[in-house]
Amino acid sequence: RDAPEHLTAFRKFNNRVQVGELRTRYLDYVHIAARMAMLFGSMLACVLHPAAGFKTHMFGAALLGIFWQQSMFIGHDAGHTSITFDRKKDAMIGWVVGNLFNGVGIAWWMATHNVHHCACNSLECDPDIQHMPVFAVSNKYFNSVYSLYHRRQMTYCRLAKLFVRVQHYTFYPIMAVARINLYAQTLIHLIKAKHVRNRGVEFLTLGMFATWLGAVIHALPVGHRVPFFFLSHAVAGIIHVQICLSHFSMNVFEGRPENDEWVKMQLGGTMDISCPAWLDWFHGGLQFQTEHHLCPRLPRHKLRKFRDDVVKPYAKANGLELKSIGFWQANAEIVRTLKQAARESRLAPHFHAAMHL
């Protein structure tokens with residue numbers, strides 16, 4: 001079957017990108033590494049200084065949270081093999097940044113994230129929008145959808161009804177502790193998955209993460225340990241909000257994606273977060289989510305130019321829509337999407353009956 005004109009055009013410009021643009025500016029990563037070292041070192045100074053009090057320790061927790069938020073962008077780059085473009089070298093970077101410094105297994109992340117890219121915002125396929133019973137981004141989940149990724153029925157049960165009806169209130173508090181769920185998902189994947197490359201290395205680096213984090217927390221006075229743990233994780237939760245911003249309020253489609261609709265699927269399920277160039281460090285490339293989904297291996301430092309020089313002209317020439325809004329507007333859209341689904345959950349025909357079981 002002949003491919004649609006827009007898909008043929010996409011393949012042509014994608015081939016051009018693959019040939020000419022897949023080169024990393026390593027000086028940018030030198031700057032990033034210096035920033036990471038400064039954040040981590042400053043956190044240790046706040047924790048270990050003998051005269052430090054509660055406020056200094058909490059400032060250290062905030063620095064650790066920012067370190068996690070920023071370093072996970074490097075893990076994202078490594079998972080896409082977009083740093084060295086060598087699978088083994090980027091895997092080692094992923095183990096250091098993802099497992100050792102973040103406690104989030106690169107093997108688990110790649111297993112879910114690759115599917116997300118292949119079936120962006122698919123009701124049945126995309127694990128990044130399958131958060132039942134905690135969240136439902138669409139009323140389509142009220143019909144108890146079967147997840148092709150998790151291979152189980154995501155039942156719209158009584159627990160789901162209780163969570164979903166208030167999800168626009170619980171979204172940010174849950175994002176503040178979402179990192180703990182990633183620890184759990186990492187371990188579940190490593191224990192249950194049949195095929196995991198270098199499972200021993202995964203466990204070793206995760207054990208080293210638990211060791212250094214435990215040592216940092218143990219160095220604090222007893223009364224400061226729990227606040228430090230939760231504040232650092234809450235600040236790191238910024239990245240979980242950032243991940244959701246570009247997808248939760250976008251179109252959700254049913255079924256598996258068709259090859260000739262791949263470009264439209266990516267554009268329909270993603271949006272960019274508009275920001276000035278000086279703020280690109282904060283978003284770590286996620287602000288150019290559409291461009292990243294079209295060319296996942298393109299280094300993040302080239303995404304802004306890629307958007308302006310390639311993607312925008314391509315979309316205009318082929319009558320395709322690109323969505324880009326500001327950070328705070330995107331947050332408002334997420335809340336609005338969750339609130340709408342919550343409202344619809346209360347009107348679902350089986351809701352009231354189930355609540356009285």
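The residue numbers shown here count from 1 along each chain, following its written sequence. Totals for whole chains, interfaces and linings use every residue, but because this is a predicted model, local features are given only for residues with pLDDT of at least 70 and side-chain atom pairs only at 80 or more, for both listing and counting. As a rule here, side-chain values cover all heavy atoms of the structure and leave hydrogens and water aside.

Visitor: I tried to follow the environment of arginine 256 on my own but got confused; where do I start?
Guide: For helices the rule is a DSSP run of H or I covering at least 4 residues; for strands it is a run of E covering at least 2, with both sets numbered from the N terminus onward. Relative to the helices and strands, arginine 256 is located in the loop between helix H10 (238–245) and helix H11 (262–269). Expressed as a C-alpha distance, the spacing of arginine 256 and alanine 136, which sit 120 residues apart in the sequence, is 19 Å. Contact definition: two residues touch when any of their heavy atoms are within 4.5 Å. If sequence neighbours within four positions are ignored, arginine 256 has contacts with Cys125 and Leu148.

Visitor: Just to check I follow, could you spell out the side chain of threonine 270 for this structure?
Guide: Mapped onto the elements, threonine 270 comes out in the loop between H11 and strand E3 (272–274). Judged by its relative accessible area of 0%, threonine 270 is buried. Looking at threonine 270, its side chain comes within polar contact range of the main-chain oxygen of glutamine 266, at 2.6 Å. Looking at threonine 270, its side chain comes within polar contact range of the side chain of threonine 290, at 3.1 Å. With sequence-adjacent residues up to four places away left out, threonine 270 is seen in contact with Cys120, Ser246, His247, Met250, Gln289, Thr290 and His293. A 1.4 Å probe rolled over the protein chains alone gives each residue an accessible area, and that area as a share of the maximum for its type sets the label: buried under 20%, exposed over 50%, partly exposed in between. We call two N or O atoms a polar contact when they sit within 3.5 Å, provided that within protein one can donate a hydrogen and the other can accept it, with sequence-adjacent residues counted only if both atoms are side-chain atoms.

Visitor: Looking at this structure, how should I read the nonpolar core?
Guide: Where a protein is soluble and globular, its nonpolar side chains tend to be buried together. Remark: nonpolar core denotes a set of buried residues (Ala, Val, Leu, Ile, Met, Phe, Trp, Tyr, Cys) joined through side-chain atoms within 4.5 Å. Judged by nonpolar contacts, the single largest core of 30 residues is most densely connected at Met132, Tyr141, Phe171, Met175, Leu245, Phe248 and Ile334. Of all the secondary-structure elements, those providing two or more residues to this core are helix H6 (158–164), helix H7 (167–192), H10 and helix H15 (327–347). Of all the elements, H15 adds the most residues to this core, at four residues. Ignoring sequence-local partners within four residues, the contact set of tyrosine 141 consists of Ser122, Leu123, Ile129, Gln130, Met132, Ala136, Met154 and Tyr156. Counting residues in each nonpolar core, the second largest holds 28 residues, with Ile32, Leu64, Phe67 and Ile83 among its members.

Visitor: Got a minute to help me understand a nonpolar patch on the surface in this structure?
Guide: Each patch is built from residues lacking any salt bridge and having more than 30% relative accessible area; the joining distance is 9 Å for like charges and 5 Å for nonpolar side chains (Val, Leu, Ile, Met, Phe, Trp, Tyr). Only the protein chains shown count as cover for residues, and all accessible areas are computed by the Shrake-Rupley method using a 1.4 Å probe. By definition, a salt bridge exists where a carboxyl oxygen of Asp or Glu is found within 4 Å of a side-chain nitrogen of Lys or Arg. Among the surface-exposed residues, Val177, Ile180, Val226 and Phe230 lie close enough to one another that they form a single nonpolar patch of about 310 Å² accessible area. Along the chain, the position of isoleucine 180 falls in helix H7. On the basis of relative accessibility, which here comes to 33%, the residue isoleucine 180 falls in the partly exposed class.

Visitor: Whenever I open this one, the packing of aromatic side chains confuses me. Can you help?
Guide: Geometry of an aromatic ring pair is reported as the spacing of the ring centres plus the angle between the planes. Centre distance within 6.5 Å is the pairing criterion for rings of Phe, Tyr and Trp, where only the six-membered ring of Trp is used; planes under 30 degrees apart are then read as stacked, over 60 as edge-to-face, and the remainder as tilted. Within this structure, the stated rule accounts for 15 aromatic pairs. Between phenylalanine 40 and tryptophan 212 the ring centres are 5.2 Å apart and the planes differ by 75°, which places this aromatic pair in the edge-to-face class. Residue phenylalanine 40 is located in helix H2 (residues 26–48), and its partner tryptophan 212 is located in helix H8 (residues 199–218); the two are separated by 172 residues in the primary sequence. Its relative accessible area of 18% is what places phenylalanine 40 among the buried residues. Residue class for tryptophan 212 comes out buried when judged on its relative accessible area of 15%. Look at phenylalanine 67 and phenylalanine 101: their rings are 5.8 Å apart centre to centre, the planes differ by 80°, and that puts the pair in the edge-to-face class. Within this pair, whereas phenylalanine 67 is found in helix H3 (residues 54–79), its partner phenylalanine 101 is found in helix H4 (residues 87–102), the two being separated by 34 residues in sequence. According to the relative accessible area criterion, phenylalanine 67 is buried, its value standing at 5%. Classification of phenylalanine 101 by relative accessible area gives partly exposed; the value is 27%. Here a set of aromatic residues connected by ring pairs shows up, and it is made of Phe40, Phe67, Trp68, Phe101, Tyr183, Phe209 and Trp212. Here, a charge over a ring means that NZ of Lys or CZ of Arg falls within 6 Å of the ring centre while also lying within 35 degrees of the ring normal. We note lysine 161 situated over the ring of tyrosine 156; from NZ or CZ to the ring centre the distance is 4.4 Å.

Visitor: Explain the pattern of salt bridges to me, please; I cannot follow it from the model alone.
Guide: Two side chains that carry opposite charge are able to pair once their charged atoms sit near each other. By the definition in use, this model includes seven salt bridges. Across the salt bridge formed by aspartate 77 and arginine 300, the nearest N and O atoms sit 2.8 Å from each other. Highlighted residues: aspartate 77 in helix H3 and arginine 300 in the loop between helix H13 (289–294) and helix H14 (303–317), separated in sequence by 223 residues. Of the two residues, aspartate 77 and arginine 300, both sit in the buried class. Between lysine 312 and aspartate 308 there is a salt bridge, and its shortest N-O distance comes to 3.8 Å. Taken together, the positions of lysine 312 and aspartate 308, both in helix H14 and four residues apart, correspond to about one turn of that helix. For aspartate 308, a relative accessible area of 33% gives the class partly exposed. Put simply, Arg307, Asp308 and Lys312 are held in one network by salt bridges that share partners.

Visitor: Help me understand H2 in this model?
Guide: The end-to-end C-alpha distance of H2 is 33 Å, a good match for the 33 Å that 23 residues give at a rise of 1.5 Å each. Check the buried side of H2 and you find it contacts H3, H8 and helix H9 (222–236). One less than the residue count of a helix, multiplied by 1.5 Å, gives the span that helix is expected to have.

Visitor: Which parts of the structure should I look at to understand the confidence of the model for the chain?
Guide: Across the chain, the average pLDDT comes to 89, with 91% of residues at or above 70. Per residue, pLDDT measures the predictor's confidence, with a range of 0 to 100. Of all the helices and strands in the chain, helix H16 (residues 351–355) carries the lowest mean pLDDT, 44, while H9 carries the highest, 98. The model gives residues 351–357 a pLDDT under 50, and that stretch makes 13 contacts with residues more than four places away or in other chains.

Visitor: Sorry if this is basic, but what is going on with the environment of arginine 225 here?
Guide: Along the chain, arginine 225 falls in helix H9. For the pair arginine 225 and leucine 148, spaced 77 residues apart in sequence, the C-alpha to C-alpha distance is 40 Å. Among all residues touching arginine 225, those that are not within four sequence positions of it are Ile217, His218 and Leu220. Reaching out from arginine 225, the side chain makes a polar contact with the backbone oxygen of isoleucine 217 at a distance of 3.4 Å. Of the polar contacts made by the side chain of arginine 225, one reaches the backbone oxygen of leucine 220; its length is 3.0 Å.

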